[in-house]
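Descriptive structure summary
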Amino acid sequence: MNNKFTIALGCLIALTVIPAAYAGDTYPTGYDDALIDAASHVTLGPRPLFLVHDMSEETDRERELKSDLLSCASGNRNGQRSELTIAHRGAPLMFPEHTLEAYLAGAQGGAGIIECDVTFTADNELVCRHSQCDLHTTTNIVETDLAQKCAVPPEFDPDSGELVNAADIQCCTSDITLAEFRTLEGKMEGADLEARSIEAYLAGTPGWRTGLYDTRGTLLSHAETIELFKALGVKMTPELKEPSVEMPFNGMSQQDYAQKMIDEYKAADVPASDVYAQSFLLDDVLYWIESEPEFGEQAVYLDGRYDDDGFDHTDPATWSPSMQELADQGVKILAPPMWMLLAANPEFGDGDSRVVPSTYAEHARDAGLELITWTLERSGPLAEGGQWYHGTTEEVIRREGDKLISLDVLVQDVGVIGVFSDWPATVAFYDNCMSLRD
């Protein structure tokens, strides 16, 4: 095997970060130069090699891929940043999502694009959270005085003092102001919905995510992530989250909200070509195409229609709008979950692939739509089955390392231009190796 396939697999360096909580309405806009410089140097860590070692090698294609990746991993070159690699909420396989620490880990893991999911506070300020109402599972709010401002605050038995409504607690960014939001700390996503104490509730992180770095999580506003991402030299993909409150909210309409997100990039002098604005609401995407055509040029329609009655990703007759209708409306980039782009090939032989492009993927390509997909490394152990992101291929993909087989088909056969990952180094490693092979 040609030994030009080389990459260094180092460990993430210890990061020294700015404090997690700030009082009042001010917040540091600068970041320590040494910290930014360190995070800008790509070090891909041990996980890619772990996955390569665990790969199946039953077919010629799998054996060749595994050999290439192992050869690539055996060298001593540093990794390069990859624009195929999109840091999903930062690097939440190991770091609290949508925090400074997660974003730094995503950049250091080779992500060329980093995501901020955008929602808003009670005073209509934009912040980064995956959902407007996820503070109870992604921050420490339930153990602070702000818990009583939650839409559904924790309740306790007056006699025993035990928590009695763990499954019902709901805390939203729209319940608190930006200043209050900044006093919180991010935590690894998860909660024990049967807990009888706040301590047990907060300790409900799934066991397949590490808690090693769950000691601090610096929350950021949307504008602050823009400045951070600019300093790191990465592109940006903000997702306008569907509101959990009735719109207009405090006088802000849905279109005001969509415009406000774009305005924060314009105020920061970020070129539209560095921004992939995205939404599950087609109307948001069409608004950007019409009202902000430079940003609309690479706006991303996140396809969540799998929950719609009658929708079948294998049957084009159930798709409304169709792929061609989306293209005719000006949509250029479509982003479904991975399972919608892949199909199992249970009869694969030595010259075949166990995973192939889906009907959905083929029709999107025929309509001229570019594809981004989500989310690699967001599943529990594949050997346990029932992992949503691999739902259409789990009969042939049952090892952790076989995620790389799925990734190879997504890139080489489906032709995706971006892959969201909870551990960006996995995709960056693959992309680095394939670039060297080519």
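None of these values were measured; they are calculated from a predicted model.

Our next topic: the state of the cysteines. Enumeration over the complete set of coordinates arrives at 4 disulfides. In this model Cys72 forms its disulfide with Cys433; the gap between the sulfur atoms is 2.0 Å. The sign of the S-S torsion, about -85 degrees, decides the handedness of the disulfide formed by Cys72 and Cys433: left-handed. In this pair, Cys72 sits in helix 3 (residues 60-73) while Cys433 sits in helix 16 (residues 424-437), placing the two residues 361 residues apart along the sequence. As far as burial versus exposure is concerned, Cys72 and Cys433 are alike and both buried. What pairs with Cys150 in a disulfide is Cys171, and their sulfur atoms sit 2.1 Å apart. One quick way to see it: the torsion about the S-S bond of Cys150 and Cys171 is about 95 degrees, and its sign makes the bridge right-handed. Of this pair, Cys150 sits in the loop between helix 5 (135-138) and helix 6 (178-181) while Cys171 is found in the loop between helix 5 and helix 6, placing the two residues 21 residues apart along the sequence. Here the two residues Cys150 and Cys171 agree in accessibility, since each one is buried. Numbered by position along the chain, the disulfide-linked cysteines of the chain connect as 1-8, 2-3, 4-7, 5-6.

This brings us to the nonpolar core. Counting 108 residues, the largest nonpolar core has Leu69 and Trp288 as the members making the most contacts within it. Those residues in contact with Leu69, other than ones at most four positions away along the chain, are Val52, Met55, Leu404, Phe429, Tyr430, Cys433 and Met434. Core analysis: the second largest hydrophobic core is formed by 20 residues, Leu135, Ile141, Val142 and Ile176 among them.

Time to look at the packing of helix 3 against helix 15 (residues 403-414). At a closest axis distance of 11 Å, the pairing of helix 3 and helix 15 adopts a crossing angle of 100 degrees. Classified by the interaxial angle, the pair formed by helix 3 and helix 15 is roughly perpendicular. Counted together, Arg61, Glu62, Leu65 and Leu69 of helix 3 and Leu404, Ile405, Asp408, Val409, Gln412 and Asp413 of helix 15 form the full contact between these two elements. Considering only residue class, the contact of helix 3 with helix 15 consists of 5 nonpolar, 1 polar and 4 charged.

What the largest pocket holds in volume is close to 380 Å³. Lining the largest pocket are 20 residues, with His130, Glu239, Lys241, Phe280 and Trp374 sitting closest to its centre. Elements supplying a minimum of two residues to the lining of the largest pocket: strand 2 (111-120), strand 4 (235-240), strand 5 (278-279) and strand 10 (370-376). Among the residues forming the lining of the largest pocket, the class breakdown is 7 nonpolar, 5 polar and 8 charged.

Rules of the game
Residues numbered from 1 in each chain as written. Predicted model: local features only at pLDDT ≥ 70, side-chain atom pairs only at ≥ 80, totals over all residues. Heavy atoms only, no water. Disulfide = S-S within 2.5 Å. Helix = DSSP H or I, 4+ residues; strand = E, 2+ residues; numbered from the N terminus. Buried < 20%, exposed > 50% of the residue type's maximum accessible area, 1.4 Å probe, protein only. Core = buried A, V, L, I, M, F, W, Y, C linked by side-chain atoms within 4.5 Å. Contact = heavy atoms within 4.5 Å. Axes fitted to C-alpha atoms, helices over the stretch in contact; angles between N-to-C directions. Parallel < 35°, antiparallel > 145°, perpendicular 65-115°, else oblique. Nonpolar A, V, L, I, M, F, W, Y, C, P; charged D, E, K, R; others polar. 1 Å grid on protein atoms, 1.4 Å probe; cavity = no way out; pocket = protein on both sides within 12 Å on 5 of 7 lines; lining within 4 Å. Points joined across faces, edges and corners; volume = space filled by probe spheres on them.

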